[in-house]
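Each chain, letter by letter, is given below.
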Amino acid sequence: MAEPDIIKRTTLIVRDAERAALWYEQVFGLARVMDTSFTLSGTQLAAGKKGDQTRLIILKCADELIGMIGLLQWTDPPMAAPAEPSTGIAFGAPIFVVAARDCRATTQRARDAGSRIHCDPRDWAVTGFDGKEQTMIGASFFDLDGYFFEVNERVS
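Predicted model, so just to flag it, every value in this text is computed and none were measured.

Peer 1: I would appreciate a short explanation of the overall build of the chain in the present structure.
Peer 2: Along the chain, the regular secondary structure elements total 2 helices and 8 strands. Reading the secondary structure of the chain in the N-to-C direction produces β-α-β-β-β-β-α-β-β-β. Projecting the C-alpha coordinates of the chain onto the three principal axes gives extents of approximately 50 × 45 × 30 Å. Buried residues in the chain amount to 36% of all 156 residues. Long-range pairs, those at least 24 residues apart, make up 55% of the contacts in the chain between residues at least 6 apart in sequence.

Peer 1: Looking at this model, I keep getting lost on unusual backbone geometry. Mind explaining?
Peer 2: Negative phi values dominate among residues other than glycine, just as trans dominates among peptide bonds. Between Asp76 and the following residue, Pro77, the backbone shows a cis peptide bond with an omega angle of -5°. By the secondary structure assignment, Pro77 is in the loop between strand 4 (68–76) and strand 5 (95–99).

Peer 1: Any chance you could explain the sheet that holds strand 5 here in plain terms?
Peer 2: Within a sheet, adjacent strands bond to each other through the backbone by hydrogen bonds, running parallel or antiparallel. Spatial strand order, 5-8-7-6: 4 strands in an open sheet with mixed pairing. Two strands lie at the open edges of the sheet, namely strand 5 and strand 6 (116–127), each paired on one side alone. Taken over all neighbouring pairs, the strand axes of this sheet differ in orientation by 25° on average, direction set aside. Packed onto the sheet, helix 2 (residues 103–112) meets strand 6, strand 7 (133–142) and strand 8 (148–154) and runs at close to 165° relative to strand 6.

Peer 1: Explanation requested: the packing of aromatic side chains in the structure shown.
Peer 2: Pairs of aromatic rings are described using the distance from one ring centre to the other and the angle between the two planes. Inspection of the entire model under this criterion finds 11 aromatic pairs. Between Trp23 and Phe141, the aromatic rings sit 6.2 Å apart at their centres with planes inclined by 70°, giving edge-to-face as the arrangement. Of this pair, Trp23 sits in helix 1 (residues 17–28) while Phe141 sits in strand 7; the two residues are 118 residues apart in sequence, bridging distant segments of the chain. Geometrically, the ring pair formed by Phe141 and Phe149 is stacked, given 6.4 Å between the ring centres and 25° between the ring planes. The exposure class assigned to Phe141 is buried, which follows from its relative accessible area of 0%.

Peer 1: Looking at this structure, I do not really get the side chain of Thr106. What am I missing?
Peer 2: With respect to the secondary-structure elements, Thr106 resides in helix 2. Of the polar contacts made by the side chain of Thr106, one reaches the side chain of Arg109; its length is 3.0 Å. The residues contacting Thr106, other than those within four sequence positions of it, are Val27, Phe28, Ala100, Phe141 and Val151.

Peer 1: Sorry if this is basic, but what is going on with the sheet that holds strand 1 (residues 9–13) here?
Peer 2: Read across the sheet, 4 strands follow the order 1-4-3-2 without closing on themselves; strand pairing throughout is mixed. Here the strands that pair on one side only, and so sit at the sheet edges, are strand 1 and strand 2 (31–39). On average, each strand axis in the sheet is tilted by 20° relative to the strand beside it, whichever way the strands run. The pairing of strand 2 with strand 3 (residues 53–60) spans 8 bridges and is antiparallel. Looking at the pairing, Met34 lines up with Ile58 of strand 3. With respect to the sheet, helix 1 is in contact with strand 1, strand 2, strand 3 and strand 4, its orientation differing from that of strand 3 by roughly 5°.

Parameters and conventions
- Residues numbered from 1 in each chain as written.
- Predicted model: local features only at pLDDT ≥ 70, side-chain atom pairs only at ≥ 80, totals over all residues.
- Heavy atoms only, no water.
- Helix = DSSP H or I, 4+ residues; strand = E, 2+ residues; numbered from the N terminus.
- Buried < 20%, exposed > 50% of the residue type's maximum accessible area, 1.4 Å probe, protein only.
- Contact = heavy atoms within 4.5 Å.
- Pairing = 2+ DSSP bridges.
- Axes fitted to C-alpha atoms, helices over the stretch in contact; angles between N-to-C directions.
- Phe/Tyr/Trp six-rings, centres within 6.5 Å; stacked < 30°, edge-to-face > 60°.
- Polar contact = N/O pair within 3.5 Å; in protein donor to acceptor, adjacent residues only side chain to side chain.

Given below as C-alpha cells:
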C-alpha cells in the first residue's frame, strides 16, 4: 500500500481575516507565513464565483508542514455571514483538537481575545492509542467566527 497523503492545512472562511489572524496569533501562538489577495477562478473552490476578490492569511504551528490554518475572507463582494457566530457544532463543521502546552493559559488567552468558552479547563482521563490511561487537562471554546476547539494538555 502506498504512503497516505498528508493533510497539511485547513482553510476557514472568516468574516475578517486580519481580526481572525490576530486571534490565532494571540491564543495559540501561530505565526503568519503568507498574506495575499487573489481573484477566484471560479473552478477549484466550491464557494464564491469567478472574479470574487479574496484575502488569504496562512498561519503555521510548530510543524513546518502540517497543522497550518488558512483564513479566507471574501473582500469584494463580501460573503454573507451569520450575524452571530455559532454557539454549537453543526453536522459538517470541524472540531479542531489542539495539544496545548498549558491548557489553562491557552483558555485564558482565548477568553481575553473574546472567545465564548464552552468548557473551562478540567481534569479528565482517556485511554490512549497504546491502551494506557492518559491524564489530561481539557477545555473547549469557539474562535471569533464560531469554529470549535477542544484544547488538551497531557499531564501523564
